[in-house]
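Given next are the chains, with one letter for each unit.
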Amino acid sequence: MTPSLPDPMLPQLYRVQLVRHELHDTFTLELEPEEGVEIPPFASGQFNMLYVFGVGEIPISISGDPARPRPLVHTTRAVGTVSKAMRELKPEDVIGVRGPFGSHWPVVHAMGKDVVIVAGGIGLAPLRSAMYQVISQRENYGKIVLLYGARTPQDILYRRERQRWRSRLDLEVYVTVDHSTGRWRGSVGVVTRLIPRAPFDPQNTVAMICGPEIMMRFTAAELQKRGVTTENIFISMERNMKCAVGLCGHCQYSPYFICKDGPVFQYSRVQNLFTKWEI
Amino acid sequence: MQTLEPILEEHPFFKGFPSQYLPLITGCASNVRFNAGSYIFRESEPASHFYLIRQGKVALEIFAAQRGPRTIETIEAGEVLGWSWLFPPYRWHFSARVVEPVRAIAFDGVCLRAKGEEDHDLGYELMKRVAQIMMDRLQATRIQLLDVYGVGARGRS
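The rules we used
- Residues numbered from 1 in each chain as written.
- Chains lettered and ligands numbered in written order.
- Predicted model: local features only at pLDDT ≥ 70, side-chain atom pairs only at ≥ 80, totals over all residues.
- Helix = DSSP H or I, 4+ residues; strand = E, 2+ residues; numbered from the N terminus.
- Contact = placed C-beta atoms within 7 Å.
- Pairing = 2+ DSSP bridges.
- Axes fitted to C-alpha atoms, helices over the stretch in contact; angles between N-to-C directions.
- Parallel < 35°, antiparallel > 145°, perpendicular 65-115°, else oblique.
- Nonpolar A, V, L, I, M, F, W, Y, C, P; charged D, E, K, R; others polar.

Within the secondary structure layout, Ile-195 of chain A lies in the loop between strand S10 (187-188) and strand S11 (205-210). If sequence neighbours within four positions are ignored, Ile-195 of chain A has contacts with Leu-147, Glu-222, Leu-223 and Arg-226 of chain A.

Residue and element names in this part refer to chain A. Pairing within the open sheet is mixed, and its seven strands lie in the order S10-S9-S8-S7-S11-S12-S15. Only two strands of the sheet have a single partner each, and these edge strands are S10 and strand S15 (264-266). In the sheet, strand S7 (residues 114-120) pairs with S11 via six bridges, with the strands oriented parallel. Following the sheet pairing, Val-118 is matched in S11 by Ile-209.

Residue and element names in this part refer to chain A. In spatial order, the strands read S4-S3-S6-S1-S2-S5; together these six strands make up an open sheet with antiparallel pairing. The open sheet has two edge strands, strand S4 (56-61) and strand S5 (72-77), and neither has a second partner. Across the sheet, the mean angle separating the axes of adjacent strands is 40° when strand polarity is ignored.

Moving on, we get to the packing of helix H3 (residues 109-118) of chain B against helix H4 (residues 120-146) of chain B. Helix packing geometry: the angle between the two helix axes and the distance between the axes. Residues and elements named next belong to chain B. Interaxial distance between H3 and H4 falls to 5 Å at its minimum, and their mutual angle equals 125°. In terms of orientation, H3 lies oblique with respect to H4. Contacts between H3 and H4 involve Leu-112, Lys-115, Gly-116 and Glu-117 on the former and, on the latter, Leu-122, Gly-123 and Leu-126. Classifying every residue of the contact of H3 with H4 gives three nonpolar, two polar and two charged.

All right, on to the interface of chain B and chain A then. If you look at the interface, chain B gives 20 residues, while chain A gives 29 residues. For the side of chain B that touches chain A, the secondary-structure elements that each account for two or more residues are strand S4 (68-76) and H4 of chain B. It is S4 of chain B that provides the largest number of residues to the side of chain B that touches chain A, a total of five residues. Partitioned by chemical class, the residues of the side of chain B that touches chain A number nine nonpolar, seven polar and four charged.

By themselves these figures say nothing about function.
Next up, the structure:
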């Protein structure tokens with residue numbers, strides 16, 4: 001007899017192991033399952049529904065390493081009622097987790113090709129899992145390029161990790177800020193400006209983009225200008241996801257449910273929807 | 001004698017540039033270097049040159065009273081610095097501070113303008129390339145103004 005799959009609507013209990021304050025409004029939660037609960041395997045780009053009991057439930061992308069599922073890691077920004085309550089959690093607090101859900105980054109499809117990862121702001125969190133994966137199988141890829149844009153130098157996420165990646169000779173890491181402050185000596189300008197500077201072969205590249213929709217749209221346009229086809233550009237969409245299994249319709253995006261068909265989409269499937277005001 | 005022609009041909013700004021014009025514009029070009037911390041030009045000075053950056057990083061700055069200089073953009077290898085040489089009143093709107101030592105090709109703007117006036121095909125070719133850069137920078141500035149990562153902007157939760 002095959003074991004029955006857990007009910008996707010039923011949250012599993014996890015205990016907060018650590019709340020790391022990354023930036024003034026951004027934090028990372030490390031979670032350990034309660035006894036008897038298994039962390040299901042996940043792929044980079046997938047998300048979980050995190051439930052702060054008595055407050056509410058929100059979707060958050062998994063930002064940990066798929067090869068090392070424990071602890072379960074999520075980074076998010078405190079912007080709404082639930083995420084603000086989440087930021088106030090303390091070690092040993094209990095939280096509900098459903099998932100993982102949705103589609104994943106095309107790390108297998110990208111094998112043998114150059115990989116260009118473009119992140120804007122908190123968009124680096126869902127892409128960090130993909131970074132872990134391609135780095136762990138470095139020999140299977142051509143060039144690996146990370147282009148990261150943040151609002152200001154104070155808003156740069158995962159600073160230590162980024163420095164580690166930057167120090168590797170087999171990774172190309174470019175960071176820019178929209179607004180320079182203080183003693184910042186790095187690049188200033190939007191993340192799309194990094195695309196013409198980055199070394200990759202556009203005919204043999206898979207690009208993964210995550211950030212605000214406007215940023216993703218212009219990034220995709222710039223990648224296309226360089227010669228990357230829309231079939232090789234992948235983006236991660238965000239909508240108001242509730243059930244996470246394609247039933248409730250909250251995250252419907254024209255013919256798609258972001259929770260089930262996405263959040264990661266091949267750009268060629270959604271590019272025409274980007275400019276439709278009605279959806 | 002080695003000329004700057006092969007270097008110009010390799011720079012993205014001159015990619016696909018009609019080869020018959022290259023010797024002509026090379027006559028307006030010179031090799032230059034700038035040390036970190038120095039200024040290539042300063043706001044409101046006459047805009048006599050433009051630069052193809054081959055190496056290094058330049059910060060475009062504007063001076064704000066009581067706030068000091070603010071960097072609005074950086075220009076890096078493979079890019080072009082300056083278009084005020086092409087438009088009256090031929091004065092710089094920003095200052096260009098060297099962040100990382102720069103090697104560049106400097107073009108004499110007066111010389112280039114004169115050649116463009118003499119041969120409008122060359123002038124149009126140059127104008128198209130500068131216009132493309134201006135459009136790219138305008139689009140980038142518009143996105144910058146949207147402050148897409150700011151609080152209140154719709155983004156990733």
